[in-house]
Amino acid sequence: SAVISQKPSRDICQRGTSLTIQCQVDSQVTMMFWYRQQPGQSLTLIATANQGSEATYESGFVIDKFPISRPNLTFSTLTVSNMSPEDSSIYLCSVADQTANYGYTFGSGTRLTVV
Amino acid sequence: GENVEQHPSTLSVQEGDSAVIKCTYSDSASNYFPWYKQELGKRPQLIIDIRSNVGEKKDQRIAVTLNKTAKHFSLHITETQPEDSAVYFCAASIGTNAGKSTFGDGTTLTVKP
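Sequence order as written defines residue numbering, which begins from 1 separately in each chain. Think of it this way: whatever chain is written first is A, whatever ligand is written first is 1, and the rest follow in order. With the structure being a predicted model, the display of local features is reserved for residues of pLDDT at least 70 and the display and counting of side-chain atom pairs for 80 or more, all residues being used for whole-chain, interface and lining totals. Side-chain measures here rest on the full set of heavy atoms in the structure, leaving out hydrogens and waters.

K.L.:
Is there a simple way to think about the pairing of strand E2 (residues 10-14) of chain B in this case?
P.N.:
A regular strand places its side chains so that they alternate between the two faces of the sheet. Residues and elements named next belong to chain B. Only protein chains enter the calculation, and the probe is 1.4 Å; a residue is then buried if its accessible area is under 20% of its type maximum, exposed if over 50%, and partly exposed in between. Numbering of helices and strands runs from the N terminus; a helix is a DSSP stretch of H or I covering at least four residues, while a strand is a stretch of E covering at least two. Residues of E2 alternate between two faces, with Leu-11 and Val-13 buried on one and Thr-10, Ser-12 and Gln-14 left unburied on the opposite face. We call two strands paired when DSSP finds no fewer than two bridges between them. Sheet analysis places E2 next to strand E11 (residues 107-112), joined by 5 bridges and oriented parallel. Directly across from Thr-10, in E11, lies its bridge partner Thr-108.

Pasting the structure below:
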């Protein structure tokens, strides 16, 4: 399956600051997806990152809070801006993996704690 | 948008017994239904999936069934083992692969030795 390197794996941040999460895929993919998973809960789609166009955000998520970059077909970043304790969560990137029957392969996740 | 409901939220079985987890979805345009297993502290991993052109798919001890008319699909695990203990998520997406996927709330499966 595709290999996705995600970093940082975890961070503790002060409220009001920003954190940028990076995902690098070992193959070219058209779309990358960013999810949030709050402790003990399900996965919620934040946005879809397309190379060469603006990201598409889901209801409840806005670009000013979660800006996304997609400079090429193997890389994307998600920034969590002006953080508050409510942003404490696990953030995961994923791709529809053609080597896995086009199911998701996820990055290893970023555990974010905002204090 | 799509809504996926998953039941039960917790399931405890004895080793060797079968486990069944059920999901319903709302959008009749959904065509791709994967199941993911998430062990504690790890990323979700795809274990099996089914597309709308088939009714059942099996991979060793794991099987998935789909009823498009009723808009529900189920995960069946036979001969459960302690290492099957994890959280299982169902999902649904429009199209034939995992594009924008909507996830169920998850089922915590505990297999008692």
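K.L.:
Would you mind showing me how to read the sheet that holds strand E6 (residues 56-59) of chain B here?
P.N.:
Whenever strands of a sheet pair, they do so through backbone hydrogen bonds, lying parallel or antiparallel. Residues and elements named next belong to chain B. Strand order in this open sheet of 5 strands is E1-E3-E8-E7-E6, and the pairing throughout is antiparallel. The sheet terminates laterally at strand E1 (4-7) and E6, the two strands that pair on one side only. Strand-to-strand twist in this sheet, taken as the mean axis angle between neighbours without regard to direction, amounts to 15°. Both E1 and strand E3 (residues 19-25) contribute to a ladder of 4 bridges, which runs antiparallel. Each bridged residue has a counterpart across the sheet, and for His-7 the counterpart in E3 is Lys-22. The axes are straight lines fitted to the C-alpha atoms, using for helices just the contacting stretch, and the angles between their N-to-C directions are given from 0 to 180°.

K.L.:
Hey, could you run me through the pairing of strand E9 (residues 86-94) of chain B in this one?
P.N.:
Residue and element names in this part refer to chain B. When you tally the buried positions in E9, you get 7 out of 9 residues, the bulk of the element. With 3 bridges connecting them, E9 and E11 associate as antiparallel partners. From the neighbouring strand, Ala-86 faces E11, where its bridge partner is Leu-109.

K.L.:
What is the right way to look at the side chain of A:Thr79 in this model?
P.N.:
Residue and element names in this part refer to chain A. Note that Thr-79 resides in strand E8 (residues 75-80). Note on Thr-79: relative accessible area 14%, which makes it buried. N or O atoms within 3.5 Å of each other form a polar contact, as long as, within protein, one can give a hydrogen and the other can take it, and as long as residues adjacent in sequence are counted only when both atoms are side-chain atoms. Within the local environment of Thr-79, its side chain forms a polar contact with the side chain of Thr-20, the two groups lying 2.8 Å apart. Residues are treated as being in contact if the distance between any of their heavy atoms lies within 4.5 Å. Dropping the residues within four chain positions of it, Thr-79 is found in contact with Ser-18, Leu-19, Thr-20, Lys-65, Phe-66 and Pro-67.

K.L.:
Got a minute to help me understand the interface of chain B and chain A in this structure?
P.N.:
Where interface size is quoted, it is often the accessible area lost as the parts come together. With 18 residues of chain B at the interface, the matching set in chain A holds 20 residues. Defined here as a combined quantity, buried area equals the accessible surface (1.4 Å probe) lost by two parts on assembly, summed across both. For the pair chain B and chain A, the summed buried surface comes to about 1500 Å²; carbon and sulfur atoms form 53% of the total. We define a salt bridge as a side-chain nitrogen of Lys or Arg found within 4 Å of a carboxyl oxygen belonging to Asp or Glu. Where chain B meets chain A, there are 1 salt bridge. The residue B:Lys100 makes a salt bridge to A:Glu58 at a minimum N-O spacing of 3.1 Å. Inspection of the chain B/chain A interface yields 9 residue pairs in polar contact (both at pLDDT 80 or more). Of all the secondary-structure elements, those providing two or more residues to the side of chain B that touches chain A are strand E4 (30-38), strand E5 (45-51) and strand E10 (101-103) of chain B. Nonpolar residues are Ala, Val, Leu, Ile, Met, Phe, Trp, Tyr, Cys and Pro. Charged residues are Asp, Glu, Lys and Arg, and all others, Gly as well, are polar. Each residue belonging to the side of chain B that touches chain A can be placed in one class, and the counts come to 7 nonpolar, 5 polar and 6 charged.

K.L.:
Any chance you could explain the state of the cysteines here in plain terms?
P.N.:
Disulfide: a covalent bond connecting the sulfur atoms of a pair of cysteines. Sulfur atoms of two cysteines make up a disulfide when they are within 2.5 Å. In the structure shown here, the tally under the stated rule is 2 disulfides over all chains. The side chain of A:Cys23 participates in a disulfide bridge whose partner is A:Cys93; the two sulfur atoms lie 1.9 Å from each other. The sign of the S-S torsion, about -90°, decides the handedness of the disulfide formed by A:Cys23 and A:Cys93: left-handed. Of this pair, A:Cys23 sits in strand E3 (residues 19-25) while A:Cys93 sits in strand E9 (residues 89-97), and the two are 70 residues apart along the sequence. As far as burial versus exposure is concerned, A:Cys23 and A:Cys93 are alike and both buried. Paired by a disulfide, B:Cys23 and B:Cys90 hold their sulfur atoms 1.9 Å apart. Classification of the bridge connecting B:Cys23 and B:Cys90 rests on its S-S torsion, roughly -100°, and on that basis the disulfide is left-handed. Residue B:Cys23 is found in strand E3, and its partner B:Cys90 is found in strand E9; the two are separated by 67 residues along the sequence.

The values are spatial; any link to function lies outside them.
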